[in-house]
Amino acid sequence: MNWTGRRLPRTEDPALLRGEGAFTADLAAGARAVRFLRSPFAAGRILSITAPDLPPGALLVTGADLEGVGTIRPELFRFNYRAIAQPVLPRERVHFVGQPVAAVVAATPEEAEDIAEAILLEIEPEEPVVTIDDALRPGAPILHAEAPGNTVVDGTIRHPDCQAAFARADRIVEFSLRSGRQNATPMEARAGLAAYDRATGRIRLTASCQMPHMLRTGIATLLGMAEADLQVVAPDVGGGFGQKMALFPEYPLLVWLARRHRGSFCWIEDRNENLIASAHSREQRHHLRAAFAADGTLLGLEADILANTGAFSCYPTTCGVEPLMALAEYPGPYRLPTYAARARALATHTCPAAPYRGVSRPVVTFGLERLMDRAAAALGIDPVELRRRNLVTEFPHVTPTGLTLDQASYVEALDRAAEAADIPGFRARQAAARRDGRYLGLGLAVFNERTGYGTPAFAARGMGIVPGYEVVDIAMTPAGDVEVRIGASPHGQGLRTTLAQLAADRLGLDPSRIRVIHGDTDRTPYGWGSFASRGAVIAGGATQLAADKLATRLRRAAARLLQAEPEAVTLRDGAAWAGEASIPLTEIARRVHQRSEQLSDLDGFNLAETAQYDPGGTFSNACHVAEVEVDAETGHVRVLRFLVVEDAGRLLNPLIADGQVHGGVAQGIANALLEEVLYAADGNPLTGSLADYLPPSAAEIPLIEIIHMETESPETLTGAKGLGEGGAIGAPAAIANAISDALAPFGVDIAELPATPARIRALIRNAR
Amino acid sequence: MSKTPIRLTVNGLPHEVAVEPRRTLADALRDDCGLTGTHLGCEHGVCGACTVLLDGEAVRACLHFAVQADSRAIRTVEGLAAPDGTLNPLQRAFWENHGLQCGFCTPGFLMLATWMLEQPGPVDEARLRHVLSSNLCRCTGYQNILTAVRAAAQELGKWAETAPA
């Protein structure tokens, strides 16, 4: 029976549905509560921190207490990166509103909050740098002496023949675009629980995180403690979307408390803290200039990319992650002969930036797909046709930034989408609606998504800490069930189910006999985590390799017990077969473990294996189509239809794959229409609650139609390409194109997201 | 701060607890009754992860003080499955239709949908979307939550077919 490819409901679900999941806050009983006192100023000098008389058992920790504790200072050895340091708690200066300045410990969260409110924090405010323009202004205050001009990353790719392409162009299309700042907003905010074990002297940090092994390494390094004395557990994690990858100062502080005070300390972030002080993303400005031939052929592209990456550099990816991904991946799925681009990360007195689902690609795709629509209009070519003429059709294809695109279906996906969208039918409805004073629009977004990339891709970025591989330990127990221990750490992606499906097929075993163990540094091999659309590809590939190695062992043992040759043994239906003869796997497991004398000539034989997988990467692709209606009076946009043609290679569990697309698209629609972190000019965040920062509800998200294509990747072991981020990548561009199409009678062109009602109204007013 | 003794009946079982007047119902359920299935996503009444039924009405447990629930009947996610853990039709529909990913918002959606399905009269597509838009989910894009509740309503004979919106 083939388990892989089936819409198998998840093994993760029953406990979560009974309310029996174990999220970090659910495990905090008995721990002392930690409340962080956070900076109310974007920039300033700390003069004093004065506490009232603390009640018995309460503690106040400030930067002065953290003698010997290191700073969070990730490295990048390329692109003119300037290493900047973030203190766990600052002693001299604050750098953004929400930065933790001190920690209060009390018996209960209520008491800790009461004490925190009574603490006098004296800060002399200084002039803040808040926006991209602030950061670039000559004479602007400098956040970090190491980064002159507030420029932390300055990367350039410049092909010498790029200017010539513009010289011979028939048409040059040039424009700027802006992406607002966002917060990934997992429904569970951050949380950590550090507990000292008196028997062993070890600390167990339970944290709502995506990379438990990385967190352990980072904290042990900061605190100068033996990594072996720290266990990091990621229990049930209520969403991450990239935000929970980073090493935040709150976690080392909890571990420091547990070590120093030999107890249990818990911090449960509230929503306001998460919105202002966890991690932000996507605040970027691009200027694009593209050269086209009269027949629509793209001849060259110039891009100037600016990212506001906040006050510090996130560990381990660094604040280069956004601008440098844009720099490397701007060419997208299009044939681009020549390219010149510069990408900078700018430090400001705002919450630090970190990866968020898709990282820069939602913004890049917004730029590239607006470019295609603008160029189509300028050249008088149908937008679908213009894309078709420029999409890569021969694989492998090397992009001008040196990436190799593997087999994909760029044109086919576009054609499927265009057909399913019934564009002629839509144009007729659009024309009829306009006669009634209603504005309908249709927008397309074609993109590819670099997924499942291992060490070489991260190493090429020059990262000081190079993630990439995943390791899987697999073992059959004496009772014949299988434990799969993975270094990756899922948080909603259903890897426990998908990996069990993969292993089941390799072992001829029912997936109900397979347990996938993750999220505990004591029980899993070192690995990186779940991010960058890599789980199914990399953890999946490592699981497949490990299961194959275990299957080889089972066949060897079975051959001995069945008096057959190992090559003649097959595994199916929970047994090993040699012709008509068979032996249950449970029996093999029992004999290997408990009657090993029967297998004595298999020296040192056991049923445990380890495998590592580290692929170069692949590209999935998709075409999104959005149909919208814009109310020209109010600027309100309603999404009437959303269609996704997705090609993520072989689908390991289509039920889960669909769910990933749905969730990504919803975040992308919200990126286009609703969500924006706003700051006042003085650096105070204006979006500190979910009444101000607006994740979408079921009322704003339409039915999402999905058509799957399955171009299997030759570059991955499972044939799967990743797809976790794709939904979020294409939707903003598709919506922006649809709104621009709807408002074409006004000459409105969407160049800034989110396209809020106020912005759309202003565009219509100015256009008129 | 002084504590007030109160009696909460949660999923049919009495809980005698003493709480500060400022303690929310959500905190009392989680910390005083040990029922951590009710989750806190925002603590300001927007996300609905903490939705419970208070005397049969769906409410935000983060917006109620525990003392307001004194002597009242509360139902939480822990009360949905059978004592042996067997999922009820709504929970099963979430499972079969992949109506959850990280599972953090799920208890709130289950209680919200439980309330909706217990109201008199059938549920149609517009009502379904309207009611479920009370809560936030960040993983599913709502597609499979809607599918799951629709399936449960059909199984329970509560669904009214209407033309697609």
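By the naming in an unreviewed UniProt entry, chain B is (2Fe-2S)-binding protein, taken from Belnapia arida.

For chain A, the name recorded in an unreviewed UniProt entry is Xanthine dehydrogenase family protein, with Belnapia arida as its organism.

Along the backbone of chain B there are five helices and five strands. If you list the helices and strands of chain B from N to C, you get β-β-α-β-β-β-α-α-α-α. Against the compact-globule benchmark of 15 Å for 165 residues, chain B has a radius of gyration of 16 Å, which places it among compact chains. Each principal axis of the C-alpha distribution contributes one length, and for chain B these read about 55 × 30 × 25 Å. Taken over 165 residues, chain B has a buried fraction of 58%. For chain B, the share of sequence-separated contacts (at least 6 apart) that also reach a separation of at least 24 residues comes to 56%.

It is worth spelling out the layout of surface pockets at this point. Put simply, the second largest pocket is a space of about 890 Å³. Along the wall of the second largest pocket there are 34 residues; nearest its centre are Val-639, Ile-701, Pro-702 and Leu-703 of chain A together with Arg-129 of chain B. Of all the secondary structure elements, the ones that give two or more residues to the lining of the second largest pocket are β27 (637-647) and α17 (654-673) of chain A together with α4 (125-132) and α5 (143-155) of chain B. Each residue belonging to the lining of the second largest pocket can be placed in one class, and the counts come to 19 nonpolar, seven polar and eight charged.

This part takes up the pairing of strand β7 (residues 151-158) of chain A. Residue and element names in this part refer to chain A. For β7, the buried fraction is high: six of the eight residues fall into the buried class. Note that β7 and strand β15 (residues 339-347) share seven bridges and pair antiparallel. Of the residues in β15, the one forming a bridge with Thr-156 is Arg-342.

Sequence positions flagged by UniProt for "domain: Aldehyde oxidase/xanthine dehydrogenase a/b hammerhead" (unreviewed entry) are, in local numbering, residues 18-127 of chain A. Segment residues 18-127 of chain A splits into 9% helix and 30% strand. End C-alpha atoms: 51 Å apart.

A word on the sheet that holds strand β28 (residues 704-709) of chain A. Residue and element names in this part refer to chain A. The sheet built from four strands is open, its strands ordered β18-β26-β27-β28 with mixed pairing. Looking at the sheet topology across the chains shown, the edges are occupied by β18 (439-451) and β28. Averaged over all neighbouring strand pairs, the angle between strand axes comes to 15 degrees, with direction disregarded.

Here we take up the domain arrangement of chain A. A common way to report how large an interface is uses the accessible area buried once the components associate. Residue and element names in this part refer to chain A. The domain boundaries assigned to chain A delineate domain 1 (31-126), domain 2 (284-455 + 616-767) and domain 3 (456-613). Taken over C-alpha atoms, the centre of domain 1 sits 45 Å from the centre of domain 3. Taken together, the contact pairs five residues of domain 1 with five residues of domain 3. With both chains or domains summed, domain 1 and domain 3 bury close to 360 Å², and 55% of this area falls on carbon and sulfur atoms. A per-residue breakdown of the area domain 1 buries against domain 3 is headed by Leu-76, Phe-77 and Arg-78, which together make up 72% of the total.

On to the domain arrangement of chain B, then. Residue and element names in this part refer to chain B. Domain annotation of chain B identifies domain 1 (4-79) and domain 2 (89-155). Spacing between the C-alpha centres of domain 1 and domain 2 amounts to 21 Å. When the two sides are added together, the surface that domain 1 and domain 2 hide from each other amounts to roughly 1200 Å², 60% of it contributed by carbon and sulfur. Looking only at domain 1, the three residues that lose the most surface to domain 2 are His-39, Thr-51 and Val-77, adding up to 33% of its buried area. Linking domain 1 with domain 2 are one salt bridge.

Residues and elements named next belong to chain A. The residue after Phe-395, namely Pro-396, is reached through a cis peptide bond having omega -5 degrees. The residue after Leu-753, namely Pro-754, is reached through a cis peptide bond having omega 0 degrees. With respect to the element layout, Pro-754 can be found in the loop between β29 (752-753) and α19 (757-767). Within the chain, Asp-422 stands out as a residue other than glycine whose phi angle is a positive 50 degrees.

Moving on, we get to the nonpolar core. The nonpolar side chains of a soluble globular protein tend to be buried with one another. Ranked by internal contacts, the top residues of the largest apolar core, which has 226 residues, are Leu-205, Leu-253, Tyr-330, Phe-642, Ile-735 and Ile-739 of chain A together with Phe-94 of chain B. Ranked by residue count, the leading element in this core is helix α9 (residues 361-379) of chain A, at nine residues. Apart from residues lying up to four places away in sequence, Ile-739 of chain A is in contact with Val-628, Val-630, Val-637, Leu-673, Ile-750, Ala-755 and Ile-760 of chain A. The next biggest cluster of nonpolar side chains, apart from the first, holds 49 residues, and it includes Ala-539, Ala-547, Ile-588 and Ala-611 of chain A.

Here we take up the pairing of strand β13 (residues 284-292) of chain A. Residue and element names in this part refer to chain A. Where strand β8 (residues 171-179) lies against β13, nine bridges are found, and the strand directions are antiparallel. Note that in β13 the partner of Phe-175 across the bridge is Leu-288. Pairing geometry for β13 and strand β14 (residues 298-310), over nine bridges, is antiparallel. Along β14, the bridge assignment pairs His-286 with Ile-305. The turn joining β13 and β14, which pair antiparallel and follow one another in sequence, is formed by five residues; a positive phi near 95 degrees is taken by Gly-296.

This part covers the interface of chain B and chain A. At the interface, 45 residues of chain B touch 50 residues of chain A. Summing both partners gives a buried area of about 3800 Å² for chain B against chain A, and 59% of it is carried by carbon and sulfur. Across the pair Asp-26 of chain A and Arg-30 of chain B runs a salt bridge, and its minimum N-O distance is 2.8 Å. In this structure, the connection of chain B to chain A is made through 24 residue pairs in polar contact (both at pLDDT 80 or more). Top element by residues in the side of chain B that touches chain A is helix α2 (residues 89-96) of chain B. It accounts for four residues.

Each value, and the rule that gives it
- Residues numbered from 1 in each chain as written.
- Chains lettered and ligands numbered in written order.
- Predicted model: local features only at pLDDT ≥ 70, side-chain atom pairs only at ≥ 80, totals over all residues.
- Heavy atoms only, no water.
- Helix = DSSP H or I, 4+ residues; strand = E, 2+ residues; numbered from the N terminus.
- Rg over C-alpha atoms; globule rule 2.2 N^0.38 Å.
- Buried < 20%, exposed > 50% of the residue type's maximum accessible area, 1.4 Å probe, protein only.
- Contact = heavy atoms within 4.5 Å.
- 1 Å grid on protein atoms, 1.4 Å probe; cavity = no way out; pocket = protein on both sides within 12 Å on 5 of 7 lines; lining within 4 Å.
- Points joined across faces, edges and corners; volume = space filled by probe spheres on them.
- Nonpolar A, V, L, I, M, F, W, Y, C, P; charged D, E, K, R; others polar.
- Pairing = 2+ DSSP bridges.
- UniProt positions renumbered as here; feature names shortened; annotations may be inferred.
- Axes fitted to C-alpha atoms, helices over the stretch in contact; angles between N-to-C directions.
- Domains from an automatic or database assignment.
- Buried area = accessible area lost by both parts, 1.4 Å probe.
- Salt bridge = Lys/Arg side-chain N within 4 Å of Asp/Glu carboxyl O.
- Core = buried A, V, L, I, M, F, W, Y, C linked by side-chain atoms within 4.5 Å.
- Polar contact = N/O pair within 3.5 Å; in protein donor to acceptor, adjacent residues only side chain to side chain.

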